[in-house]
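Architecture at a glance
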Amino acid sequence: MQHRNIPPVQGSSLPKARPHRPGNRRCGFFMGDREFNKEETQMTLNRRAFIATSAAAATLSAPMLKAQAKPRAVVIGGGAGGATAARYIAKDSKGAIDVTLIEPTRTYYTCFFSNLYLGGFRTLDSIGHTYGTLAADYGINVVHDWATGIDRDAKTVALAGGGAVPYDRLVISPGIDFVDGAVPGWDLSAQGAMPHAYKAGTQSELLKRQIESMPQGGTYVMVAPPNPYRCPPGPYERISMVAHYLKANNPTAKILIADPKPKFSKQALFEEGWDKHYGGMIERLGPDFGGDTVSVNPADMTVNIDGEVVKADVVNVIPAQKAGMICAAAALTEGNWAPVNGHTMQSRLDDNIHILGDASHQGDMPKSGFSANSQAKVAAMAVRGALTGSRVFPAKFSNTCWSLIDANDGIKVGASYQATDEKIAKTDGFISQTGEDVDLRKRTFEESVGWYDGITSDMFG
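Rules used throughout
Residues numbered from 1 in each chain as written. Predicted model: local features only at pLDDT ≥ 70, side-chain atom pairs only at ≥ 80, totals over all residues. Heavy atoms only, no water. Helix = DSSP H or I, 4+ residues; strand = E, 2+ residues; numbered from the N terminus. Buried < 20%, exposed > 50% of the residue type's maximum accessible area, 1.4 Å probe, protein only. Pairing = 2+ DSSP bridges. Axes fitted to C-alpha atoms, helices over the stretch in contact; angles between N-to-C directions. Salt bridge = Lys/Arg side-chain N within 4 Å of Asp/Glu carboxyl O. Polar contact = N/O pair within 3.5 Å; in protein donor to acceptor, adjacent residues only side chain to side chain. Parallel < 35°, antiparallel > 145°, perpendicular 65-115°, else oblique. Contact = heavy atoms within 4.5 Å. Nonpolar A, V, L, I, M, F, W, Y, C, P; charged D, E, K, R; others polar. Phe/Tyr/Trp six-rings, centres within 6.5 Å; stacked < 30°, edge-to-face > 60°. Lys NZ or Arg CZ within 6 Å of the ring centre and 35° of its normal.

A separate point is unusual backbone geometry. Peptide bonds are mostly trans, and most non-glycine residues show a negative phi. Geometrically, the link from Asn 227 to Pro 228 is a cis peptide bond, its omega value of -10 degrees lying close to zero. Along the chain, Pro 228 falls in the loop between β11 (219-223) and α7 (234-249). Not every positive phi belongs to a glycine, and Lys 94 is a case in point at roughly 50 degrees. A residue is classified by how much of its surface remains accessible, and Lys 94, at 73% relative accessible area, is exposed. Phi is positive for Lys 266, which is not a glycine, with a value near 60 degrees. Checked against the element boundaries, Lys 266 lands in the loop between β12 (254-258) and α8 (267-277). Given a relative accessible area of 5%, Lys 266 falls into the buried group.

The next thing to look at is the sheet that holds strand β25 (residues 424-431). Across the sheet, which stays open at both edges, the three strands sit in the order β23-β24-β25 with antiparallel pairing between neighbours. On the outer flanks of this sheet lie β23 (396-406) and β25, each paired with one strand and no other. The mean angle between the axes of side-by-side strands here comes to 20 degrees, regardless of whether they run parallel or antiparallel. Where β23 and strand β24 (residues 409-419) come together, 10 bridges link them in antiparallel fashion. Bridging across to β24, Ser 403 finds its partner in Ile 411.

The next point concerns the pattern of salt bridges. By the definition in use, this model includes 17 salt bridges. With its nearest N and O atoms 3.6 Å apart, the salt bridge here joins Lys 208 to Glu 212. A residue pair is termed a helical-turn pair when its members lie 3 or 4 positions apart in one helix, as Lys 208 and Glu 212 do in helix α6 (residues 202-212) at four residues. Residue Lys 208 is classed as buried on the basis of its relative accessible area of 14%. Taking the relative accessible area as the measure of exposure, Glu 212 reaches 40% and is therefore partly exposed. Bridged by salt links that share partners, the residues Glu 272, Asp 409, Glu 436 and Arg 441 form one connected network.

Strand order in the open sheet formed by three strands is β6-β7-β8, and the pairing between neighbours is antiparallel. Both outer strands of the open sheet, β6 (147-151) and β8 (164-166), are each paired with one neighbouring strand and no more. For this sheet, the mean angle separating the axes of adjacent strands, direction not counted, is 25 degrees.

For the rest of this paragraph, the subject is the side chain of Asp 350. Within the secondary structure layout, Asp 350 lies in strand β21 (residues 350-355). Classification of Asp 350 by relative accessible area gives buried; the value is 5%. Within the structure, Asp 350 has its side chain in polar contact with the side chain of Arg 152 (distance 2.8 Å).

Bringing the packing of α7 against α8 into the picture now. With their axes 11 Å apart at the nearest point, α7 and α8 run at an angle of 5 degrees to one another. Judged on the interaxial angle alone, α8 and α7 are roughly parallel. Two secondary-structure elements touch here, α7 through Tyr 236, Glu 237, Ile 239, Ser 240 and Lys 247 and α8 through Phe 270, Trp 274 and His 277. Grouping the constituent residues of the contact of α7 with α8 by class yields four nonpolar, two polar and two charged.

Attention now goes to the packing of aromatic side chains. Throughout the structure, instances matching the rule amount to 14 aromatic pairs. Aromatic side chains Phe 112 and Trp 451 sit 5.3 Å apart centroid to centroid with 55 degrees between the ring planes, which places their arrangement in the tilted category. Note that Phe 112 is positioned in the loop between β3 (108-109) and α4 (114-119) and Trp 451 in helix α11 (residues 438-460), a separation of 339 residues in sequence. Trp 451 carries the same exposure label as Phe 112, and that label is buried. Members of the aromatic cluster, connected to one another through ring pairs, are Phe 112, Phe 113, Phe 370, Trp 402, Trp 451 and Tyr 452. In this structure, Lys 199 is placed above the aromatic ring of Phe 178, and the distance from its NZ or CZ to the ring centre is 5.4 Å.

This part covers the environment of Ser 213. In this structure, Ser 213 sits in the loop between α6 and β11. Residue classification places Ser 213 among the exposed residues on the basis of a relative accessible area of 60%. The spatial distance from the C-alpha of Ser 213 to the C-alpha of Asn 250 is 10.0 Å, given a sequence separation of 37 residues. There is a polar contact of 2.9 Å between the side chain of Ser 213 and the backbone oxygen of Arg 209.

In structure tokens form, the structure reads like this:
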């Protein structure tokens, strides 16, 4: 499916703070599994203000430490990892642990199934979920605020609204952020013109509107991300869903993928499906054809692919990714990701912190909602064991990633995993096969719908 020729398409007084020193374990902003407005994404940490905030946090939390009868578990991030962890810690400890979930948004939109929204198979409301049941039925203290800092020495999480939340164990599930400069010409200030839509919500709505507004015969360009990144099949399911919409509403439109990777997840399955359902509409340029040498110009909506300039109507830039920035700010990362012990999902740099999902560097598991949910249960068990002395069983994990190519044409890939001292290691796996009959593909899609209902219930109660 690769061709060399790109189509020429047109509070109060504060105590004196300790001086900051290298290795002082304080951190910055939480930017979790969700979409942000321009002001939020451009926030920067004022060093002196934060040190003062951290000092105030230590002061505020001191009387709480004396009065607190129960151990405290705090969870940052209310997505597939964080919401699941909070629910399981609260549910299985039966009130023996005080659980606080810090999540700025009141409605969480799942990244998984957001591509189906683009294709017209789901509404946005159907992938939105709230936290009322976690609070009402499980006694979780849900704090809708930004976690703006972690003091690892004092074991407190600072909040944007003021004050701090003390913890005995902290779970961080912050999702992804983007690597600065990964795509020349693009940064977060350009996400209104060239959306990433890799954090679901308003970005998903924006991309959908842009696709719907394309002129007849127009061009959609995706700049795909390098490995590793959230949901390996995700960009290619998105291509399928965009093609599904365009086939019905703009059949002469073209889709171009600039891809830095020589191969991608479920490639044979996707390419078979694209040939079957969308023949002639989709073209992919891998690194052999310039897909790894890309820059963009949001002002004039052009993409430069190895020196050849493509004029586009929609440009979907999915940049290289890294752990949610709070991990690096808290000195919990090595490179772009946060290393963890697969047996417990504990940070290898702080035993009092567990890091889940996309942000973690754990071994063989892909970065997916299913993986985060699976890891959250292992972390929840480890937290209960550490805080109450309950039994901790050996860690086991699983993952399945479903993708939709066209109506009732579902495919999947998955595996089981176990923890070793070095990493989370794959033990077996499965994948859909090319040439499967239509009834099997329909059952695979129906299976994915059942899974979605199940995992969101597991997350939100």
